[in-house]
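Each chain is listed here by its residues.
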2 protein chains.
Amino acid sequence: MRILNTQMLAITGLLSLGITGVRNIHAAEKLNPSKPNFIIILADDMGYGDVGIFGHPTIKTPNLDRMASEGQKWTNFYVAAPVCTPSRAGLLTGRLPVRTGMCSEKRRVLFPDSKGGLPENEMTIASALKTTGYATACIGKWHLGHLPQYAPNAHGFDYYFGIPYSNDMDATSLKPNRLESILNPRPEYFIVPLMRNSEIIERPADQTTITKRYTLEAIKFIKQNKQMPFFLYLAHSMPHVPLFRSREFENKSLRGVYGDVIEELDWSVGEILKSLKENGLDENTLVVFTSDNGPWLVFQDQGGSAGLLSGGKGGTWEGGMREPTIMHWTGKLKPGVVMDIATTMDLLPTFASLAHVILPNDRIYDGYDISPVLFGTGKDPREVVYYYRDTQVYAIRKGDYKAHFITQPEYGSEIATIQDPPLLFNLNIDPSEKHNVADQFPKVIAEMEKILEKHRAGIMTVENQLEK
Amino acid sequence: MRILNTQMLAITGLLSLGITGVRNIHAAEKLNPSKPNFIIILADDMGYGDVGIFGHPTIKTPNLDRMASEGQKWTNFYVAAPVCTPSRAGLLTGRLPVRTGMCSEKRRVLFPDSKGGLPENEMTIASALKTTGYATACIGKWHLGHLPQYAPNAHGFDYYFGIPYSNDMDATSLKPNRLESILNPRPEYFIVPLMRNSEIIERPADQTTITKRYTLEAIKFIKQNKQMPFFLYLAHSMPHVPLFRSREFENKSLRGVYGDVIEELDWSVGEILKSLKENGLDENTLVVFTSDNGPWLVFQDQGGSAGLLSGGKGGTWEGGMREPTIMHWTGKLKPGVVMDIATTMDLLPTFASLAHVILPNDRIYDGYDISPVLFGTGKDPREVVYYYRDTQVYAIRKGDYKAHFITQPEYGSEIATIQDPPLLFNLNIDPSEKHNVADQFPKVIAEMEKILEKHRAGIMTVENQLEK
């Protein structure tokens, strides 16, 4: 209650001041330091190794590199799932996709013919922050249900500009075979709609300019809302295949078209950070950059790289679910490399904590408030990561160790191998998961098995949204 | 001749000023900007992926990371050979080891019973810089011949402090089997001598304190020579197995003992850079950090990581010969990520150019002056890299492409596979060498074959120093 009173006081104070300009924004921060802005910049299928500062030799990412050296580079940061729809559901709700019905073996993600989506009673970061007066926008790819009741506007976003699902969907009959249409794409091969709120404004979306347009929309939103706290979810549709980039980025990178695409995303990050600075918001805005899952390796040179990690998109080896993550907040974060274990599901409770939003206690959250790590005041509370492939736990990380109970190739094989005894890797010593140490640590295996059993017992059956 | 006159004038000027202090050093720089100091910090068996800024998730290297963000991170920087002795011969002479007799199939490096070494008529960076008045020191591992005529003092170094060959040599009968003695080492298992100039001052060298002692010796040399130009070759004996680190670094890294060792090396780099700053020398000193070859993968967790590159020490895949390289020179370098192709053999001609030393024209050099890249004034002159395994070219890189003519596992197999047609990779697009594109570029293959033929024709037979 005390917190709410302070917020009311601050809002009253702002209104009575008739605040309009940048200087007064700083006054607003002083009056109300409890409402920072939040920006999540999410790449699509970008690998752990696709950023300069994460080790790529030929992709130039000066903006991401600077963002990391000014802020925090997170090297043990995970997503909730190794594919798009469940990963995004986990990020926005702070809950494992298995709790929201947003994962399935049969259809791993939502498709244009799907009838399901993120249930209306699920709370997203946007709907949580709206309760305390945030302006909210989703710019980019949604992929949590394209029917109106599942769309961004139904989930706490004031504004939506983007595509409703993946950029390789809605393939037309104009195209050659699927692989050819992806590797040598034209926008008209994929009649994906571009939407503004509930309206289709362009179809097919001109994907060659889409990264640029998302960026300009994001900057417009930042400017329009500089006088009030905001949450911007900028979910780029690149570098998911088919790859497109603006003319200015064509053949710019040594890494080919994939590198061009990443370099345009890097440009976009630079523009966002520049806009924050120009609008006097950089000291009051936490920016998080990450990706929704690992690189789509089957597309070879047009897919990304997981760096020294094994595997990629779709699988539960590290490359599928560990993401190149950078956090930035001028003057607030303790700069450096952070090796604590965290996940995208931690963003909801962290933002709620920073914005003093009390989350409803009628549901289970799988995220933790990581703000002590942001400010260097304490340890990360997270100990365990569950590696779900669709509705099943394939692996568990606790501290240094990861146990694989089931393994399966990312794509191209339906065969799952039950690992009994489980494979065990020390991820801090052996991040590439090369040297199975199960023989040496039977107690760790036993502990992992208990964790798995307990976790499974806590999962309730819910309606499967992806098979509707 | 003009240059030499300028140098003479500068020296005369200094002498007549009777210069002693730091302030006067700055005056000296103004008088003689043509004599910067040079420091090479060479790691032993450190992999491309073992530095934070090159992508390692759990090794903390804040000093190397900062060195790179202030200076240049080179992502396409190679060594002359994938094992120790020939790599170091290439670095110090600017010539391929096949020209100096410093490579061999039978004995890939020098051993304590070897009778050969770097021939007396070879010129090293040290002997070249001595001709123009540099103070020179070799601190660390030499491995270019331990007999007096081949030792550092015979090759232009005023001062030597270090071990004459690898730290796993001179194994005693005290030890258990070789693998066990390496993985659970004690200093007394390896009676490697520690030398000061031609004198053995400790045997076995206490390797637990060796990184620290090399560092203190290096700082002492810097301080002692702050009034004159100097060249310091700081060739750490770590992280070559057996791994040792100071007590302060025990269990410090999440990456285990290997991480501890790298974090101590990172500390060492930080101390060197701090010393330069404290002595007013940072704006007049080019510091190059690199490694002698890729990670020794057979030692699993006690070997390093080549990051996203394939292969490791001993082989001609990228991981064997591409090194994490950083250059630093406060206020002089154009900061950023450099993707130009260069090698350790380029250091001799570059240093010579910067110090206005005219190299003798009685021999073939395999290095190029890369100073235009350092200062951002021009392109790197190098187009071709030869990947030698011992005395044979196994692969060639020209520009984007690398052709493998022969492949062979790094260690553990004597079987070399002749690749006919050669394998071809576009290293900028596919740095992990996963997707052979030979079929698509027959002209590139044909060009590579011509380059190989021409190169081979230019190699003269010389006495093999490693089989003596």
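Look up: the structure comes first, before these words.
The shown structure was predicted, so the numbers you read here are calculated from the model rather than taken from an experiment. (Residues numbered from 1 in each chain as written. Chains lettered and ligands numbered in written order. Predicted model: local features only at pLDDT ≥ 70, side-chain atom pairs only at ≥ 80, totals over all residues. Heavy atoms only, no water.)

Caption draft 1: Spotlight on the environment of Ser268(B). All names here are of chain B. Topologically, Ser268 is positioned in helix H9 (residues 256-278). Each C-alpha atom, one on Ser268 and one on Lys212, is 7.2 Å from the other, the two residues being 56 residues apart in sequence. Ignoring any residue separated from it by four or fewer positions in sequence, one finds Ser268 in contact with Thr215, Leu234 and His236. (Helix = DSSP H or I, 4+ residues; strand = E, 2+ residues; numbered from the N terminus. Contact = heavy atoms within 4.5 Å.)

Caption draft 2: Focus on the relation of the copies chain B and chain A. Screw-axis analysis of chain B against chain A gives a translation of 0.0 Å along the axis, an RMSD of 0.0 Å, and a rotation angle of 180°. Here the symmetry operator amounts to a two-fold rotation axis. If distances are taken from each C-alpha of chain B to the rotation axis, the shortest is found for Gly55(B), at 2.0 Å. A symmetric contact is evident, with 100% of the interface residues of chain B recurring at the interface of chain A. (Least-squares fit on C-alpha atoms with pLDDT ≥ 70 in both.)

Caption draft 3: Region of interest: the sheet that holds strand E13 (residues 384-389) of chain A. All names here are of chain A. Pairing is antiparallel across the open sheet formed by four strands, whose spatial order is E13-E14-E15-E16. Single-partner strands in this sheet number two, and they are E13 and strand E16 (417-426). Going from strand to strand, the sheet's axes swing by 20° on average, the running direction of each strand aside. Of the strand pairs in this sheet, strand E14 (residues 392-398) and strand E15 (residues 401-407) are connected by four bridges, and their pairing is antiparallel. From the neighbouring strand, Arg397 faces E15, where its bridge partner is Lys402. Running over the sheet, helix H13 (residues 442-457) touches E13, E14, E15 and E16 and is turned about 130° from E14. (Pairing = 2+ DSSP bridges. Axes fitted to C-alpha atoms, helices over the stretch in contact; angles between N-to-C directions.)

Caption draft 4: Molecular detail of the interface of chain B and chain A. Every contact between the two is made by 30 residues of chain B and, on the other side, 30 residues of chain A. The largest share of the area that chain B buries against chain A comes from Pro57(B), Met339(B) and Ile429(B), three residues that together contribute 24% of it. Counting the contacts that link chain B with chain A gives zero salt bridges. Inspection of the chain B/chain A interface yields twelve residue pairs in polar contact (both at pLDDT 80 or more). Grouping the amino acids of the side of chain B that touches chain A by side-chain chemistry returns eleven nonpolar, twelve polar and seven charged. (Buried area = accessible area lost by both parts, 1.4 Å probe. Salt bridge = Lys/Arg side-chain N within 4 Å of Asp/Glu carboxyl O. Polar contact = N/O pair within 3.5 Å; in protein donor to acceptor, adjacent residues only side chain to side chain. Nonpolar A, V, L, I, M, F, W, Y, C, P; charged D, E, K, R; others polar.)

Caption draft 5: Up close: the nonpolar core. Of all hydrophobic cores here, the largest spans 118 residues; its most connected members are Leu232(A) and Leu232(B). Phe38(B), Met102(B), Tyr134(B) and Ile370(B) belong to the second largest nonpolar core, which has 45 residues in total. (Core = buried A, V, L, I, M, F, W, Y, C linked by side-chain atoms within 4.5 Å. Buried < 20%, exposed > 50% of the residue type's maximum accessible area, 1.4 Å probe, protein only.)

Caption draft 6: View of the packing of aromatic side chains. Per the stated rule, a full pass over the model turns up 36 aromatic pairs over all chains. An aromatic cluster of three or more residues is present, and its members are Phe38(A), Tyr134(A), Trp142(A), Phe157(A), Phe231(A), Tyr233(A) and Phe351(A). Residue placement shows Lys313(B) over the ring face of Trp296(B); its charged tip is 3.6 Å from the ring centre. (Phe/Tyr/Trp six-rings, centres within 6.5 Å; stacked < 30°, edge-to-face > 60°. Lys NZ or Arg CZ within 6 Å of the ring centre and 35° of its normal.)

Caption draft 7: The packing of helix H8 (residues 210-224) of chain A against helix H9 (residues 256-278) of chain A, seen in detail. Residue and element names in this part refer to chain A. H9 packs onto H8 with a crossing angle of 10° between their chain directions and a minimal axis gap of 10 Å. Between H8 and H9, the angle is such that the two are roughly parallel. Along its contact with H8, which presents Thr211, Lys212, Thr215, Ala218, Ile219 and Ile222, the element H9 presents Glu264, Leu265, Trp267, Ser268, Glu271, Ile272, Ser275 and Leu276. Grouping the amino acids of the contact of H8 with H9 by side-chain chemistry returns seven nonpolar, four polar and three charged. (Parallel < 35°, antiparallel > 145°, perpendicular 65-115°, else oblique.)

Caption draft 8: Main features of the sheet that holds strand E9 (residues 285-291) of chain A. All names here are of chain A. In space, the ten strands of this open sheet follow the order E7-E6-E5-E4-E8-E1-E9-E10-E2-E11, with mixed pairing throughout. Of all the strands in the sheet, the pair left with one neighbour each is strand E7 (199-202) and strand E11 (336-338). Strand-to-strand twist of the sheet, defined as the mean angle between neighbouring strand axes without regard to direction, takes the value 20°.

Caption draft 9: Geometry of the environment of Asn76(A). Among the structural elements, Asn76(A) can be located in the loop between strand E2 (72-74) and strand E3 (77-78). The exposure class of Asn76(A) is buried, given its relative accessible area of 0%. When the C-alpha positions of Asn76(A) and Pro431(A) are compared, they lie 9.9 Å apart, and in sequence the two are 355 residues distant. Excluding anything up to four places from it in sequence, Asn76(A) contacts Arg322(A), Val338(A), Met339(A), Asp340(A), Ile341(A), Ala342(A), Arg397(A), Asn428(A), Pro57(B) and Thr58(B). A polar contact of 2.9 Å, which involves the side chain of Asn76(A), links it to the side chain of Arg397(A).

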